[in-house]
Amino acid sequence: MHTLDQAHLSRLPSSVVRPGYDRSKVRAGIVHIGVGGFHRAHEAIYTDRALARPGQEGWGICGVNLLPHDAAMAAAMKKQDGLYTVSEMAPDGSHVSRVVECMVDYLYAPDSPEAVLAKLSHPDIRIVSLTITEGGYLIDEHGQFNLKHPAVAHDLAHPSAPQGVFGYLAESLDRRRKAGIKPFTVMSCDNLRHNGAQARRAVVAFARARDPELAAWIEREVAFPNGMVDRITPATDNAARQKLRELTQVDDAAPVICEDFIQWVLEDHFPNGRPEWDAVGVMFTQDVSPYEEAKIRLLNATHTMLSYPAYLSGLRKVDDALHDPLFFGYLRGFLDHDAGVWLKSLPGLDIPSYKDKLLERFGNRAVGDQLARLCMDGGSKISGFVLPTLHAIFAGHRPYHRIAFFLAAYDRYLEGTDEKGEPHTLAEPNAMHLLQQVVQSDSPLTLVNLKEVVGAQIPAHKGFVELYLKLRKQIDEQGVVATLKSLDASRESPPSAQA
């Protein structure tokens, strides 16, 4: 088994692909906050490719994690000098494993907040990218930033010793402003609409609460490009970790497994420079919005629609669900008759082909994505991923039975056990304070009246609420599978979505 660190990098097996540049010449020009599997399989891959081009040595990455539960990642990155392997698995079973070398520095914020602030304030850092989850932007359905969040309140009171991402961004930008250093570009890599605009809204709202002059400077000087990111990257559990050790013959404490598909569409708004990502596969466009819309309404929404019903039925892998004709048909119906109705093809993105490709990707046996991963943070995902399609369905007077079924399954999932009585943890890092009332309630109406999670249109729509209650009762009495079968059988001509 081969050791993975800088000293042993040249001794890795030839089957593990290297990017082909001199790592000793690379310095960090990007700080990435939220080092997890997706970042390491996506932005880091494109950056690794770019660093192999001449003159790109200033665009290495310094990884940063902020949270206590990131301690294991911190230990792995420090032990391995920021190196790790990515194994890209194709649907036909073939694979490519590569070592990623672009993370030339790594900082764990709880160990030294000042070290992170100093790095963010350094003139070499020209981009700060983020993967902090959809709910991590702390913006509610009305577009308001949550100033009462504990990390926000702490960071406003202790600006030089922050805990949360917005405290770090505001303090480092303030230091740059006062020192006359150009601001870095803030680049969100999270799955939410207008992610750059959302990041801007959150950062400016935090800064305004701290110092209106700082907020005005950020609004005037800091760029927040929008982007659409796409690559299925399961969590690496112990079984996957052992599989990857055998596959690569590398002793990697933080390996990544992902599909072979990768996509990034990005707004080209980087006043302080950027890597030559456009030369290595990133698509740049003036307006990312239609690409965001297609990806979120199709891929992210379909993942969410699948998650709770399939998990409740006893399934644990996404590919197993996609190879089940019942769940495949449910998702095909959602793509063709619900989400996909409202979308048009774009340059580089043909909607019919994209839908077909999605189902192929979800069914990739070699990836084996976890349904539990898709179940995380539903209280934040529903509003962004599913409700836009439902609202369009309401406006277009189209059938809504699949989404009513999904929401009924989510309410049942919040009971904390699947249909076989197996308990599961409710992983709701951003909305648990809201969902607690659903967990403690005996009424299925509690969820559909929770406007912070499901919006205002659902509780006002009598037909939807009635169908949701009927399906919720049927799930209790007959189970998810029987309910879905009966739903399909009785919906050759689904009822019109009249209020």
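Residues numbered from 1 in each chain as written. Predicted model: local features only at pLDDT ≥ 70, side-chain atom pairs only at ≥ 80, totals over all residues. Heavy atoms only, no water.

Undergrad: Mind showing me how you'd approach the overall build of the protein chain here?
TA: Secondary structure assignment for the protein chain yields 21 helices and 14 strands. On C-alpha atoms alone, the protein chain measures out to a radius of gyration of 23 Å, which is about the 23 Å that the 2.2 N^0.38 rule sets for 499 residues. The principal-axis extents of the C-alpha atoms in the protein chain amount to approximately 65 × 55 × 45 Å. Of the contacts made within the protein chain by residues no fewer than 6 positions apart, 77% connect residues no fewer than 24 positions apart. Summing over all exposed atoms, the protein chain offers an accessible surface of approximately 19,600 Å²; the carbon and sulfur share of this is 50%. Each charge class in the protein chain was averaged separately, 53 positive and 62 negative side chains, and the resulting centres sit 2 Å apart. (Helix = DSSP H or I, 4+ residues; strand = E, 2+ residues; numbered from the N terminus. Rg over C-alpha atoms; globule rule 2.2 N^0.38 Å. Contact = heavy atoms within 4.5 Å. Areas by Shrake-Rupley, 256 points an atom, 1.4 Å probe, with all protein chains shown as cover. Lys, Arg positive; Asp, Glu negative; His and termini not counted. Charge placed at Lys NZ, Arg CZ, Asp CG, Glu CD.)

Undergrad: I'm lost on the side chain of asparagine 300 in this one. Help?
TA: Mapped onto the elements of the fold, asparagine 300 is located in helix 10 (residues 289–312). With residues up to four places along the chain from it excluded, the contact list for asparagine 300 reads Asn191, Lys295 and Phe385.

Undergrad: How should I be thinking about the nonpolar core in this particular structure?
TA: Nonpolar side chains in soluble globular proteins generally cluster together in the buried interior. By size, the foremost hydrophobic cluster in this structure holds 77 residues, and its most contacted members are Leu306, Leu407, Leu435, Ile458 and Phe464. Not counting the four nearest positions on each side in its chain, phenylalanine 464 is found in contact with Leu390, Phe394, Tyr400, Ile403, Ala404, Leu407 and Ile458. Of all hydrophobic cores here, the second largest spans 42 residues; its members include Tyr168, Ala202, Leu214 and Trp217. (Core = buried A, V, L, I, M, F, W, Y, C linked by side-chain atoms within 4.5 Å. Buried < 20%, exposed > 50% of the residue type's maximum accessible area, 1.4 Å probe, protein only.)

Undergrad: Looking at this structure, how should I read the pairing of strand 9 (residues 185–188)?
TA: The two faces of the sheet receive side chains in turn, since in a regular strand these alternate between them. Because side chains alternate across strand 9, one face comprises the buried residues Thr185 and Met187, and the other comprises Val186 and Ser188, equally buried. The pairing of strand 8 (residues 127–130) with strand 9 spans four bridges and is classified as parallel. Across the sheet, serine 129 pairs through a bridge with methionine 187, a residue of strand 9. (Pairing = 2+ DSSP bridges.)

Undergrad: Explanation requested: the sheet that holds strand 2 (residues 16–17) in the structure shown.
TA: Strand pairing in a sheet relies on backbone hydrogen bonds. The paired strands run either parallel or antiparallel. Within the open sheet, the four strands sit side by side as 2-6-5-12. Their pairing is mixed. Among the strands making up the open sheet, the edge pair consists of strand 2 and strand 12 (256–259). Examined bridge by bridge, strand 5 (residues 84–89) and strand 12 share four bridges and lie parallel to one another. Along strand 12, the bridge assignment pairs serine 87 with isoleucine 257.

Undergrad: Looking at this structure, I do not really get the pattern of salt bridges. What am I missing?
TA: Side chains carrying opposite charge are able to pair once their charged atoms draw close together. Scanning all chains against the criterion turns up 36 salt bridges. For the salt bridge of arginine 18 with glutamate 101, the shortest nitrogen-to-oxygen distance reads 2.7 Å. Residue arginine 18 is found in the loop between strand 2 and strand 3 (28–33), and its partner glutamate 101 is found in the loop between strand 6 (95–100) and strand 7 (103–108); the two are separated by 83 residues along the sequence. In this structure arginine 18 comes out as partly exposed when scored by relative accessible area, which is 39%. The closest approach of N and O atoms between aspartate 211 and arginine 177, which form a salt bridge, is 3.5 Å. Here aspartate 211, found in the loop between helix 7 (195–210) and helix 8 (212–221), pairs with arginine 177, found in helix 6 (residues 165–179); they are 34 residues apart in sequence, far enough to count as distant. (Salt bridge = Lys/Arg side-chain N within 4 Å of Asp/Glu carboxyl O.)

Undergrad: Can you walk me through the packing of aromatic side chains in this structure?
TA: Two aromatic rings are characterised by how far apart their centres lie and by the angle between their planes. For the structure on display, the rule yields twelve aromatic pairs. Between the aromatic rings of tyrosine 308 and phenylalanine 406, the centroid separation amounts to 6.0 Å while the plane-to-plane angle is 40°, which identifies the pairing as tilted. Of this pair, tyrosine 308 sits in helix 10 while phenylalanine 406 sits in helix 16 (residues 401–413), and the two are 98 residues apart along the sequence. Clustering of aromatic rings is evident, with ring pairs tying together Tyr308, Tyr311, Phe406, Tyr410 and Tyr413. The ring of phenylalanine 284 has arginine 274 lying over it, and the distance from NZ or CZ to the ring centre is 4.0 Å. Above the face of the tyrosine 311 ring, arginine 316 is positioned so that its terminal group lies 3.7 Å from the ring centre. (Phe/Tyr/Trp six-rings, centres within 6.5 Å; stacked < 30°, edge-to-face > 60°. Lys NZ or Arg CZ within 6 Å of the ring centre and 35° of its normal.)

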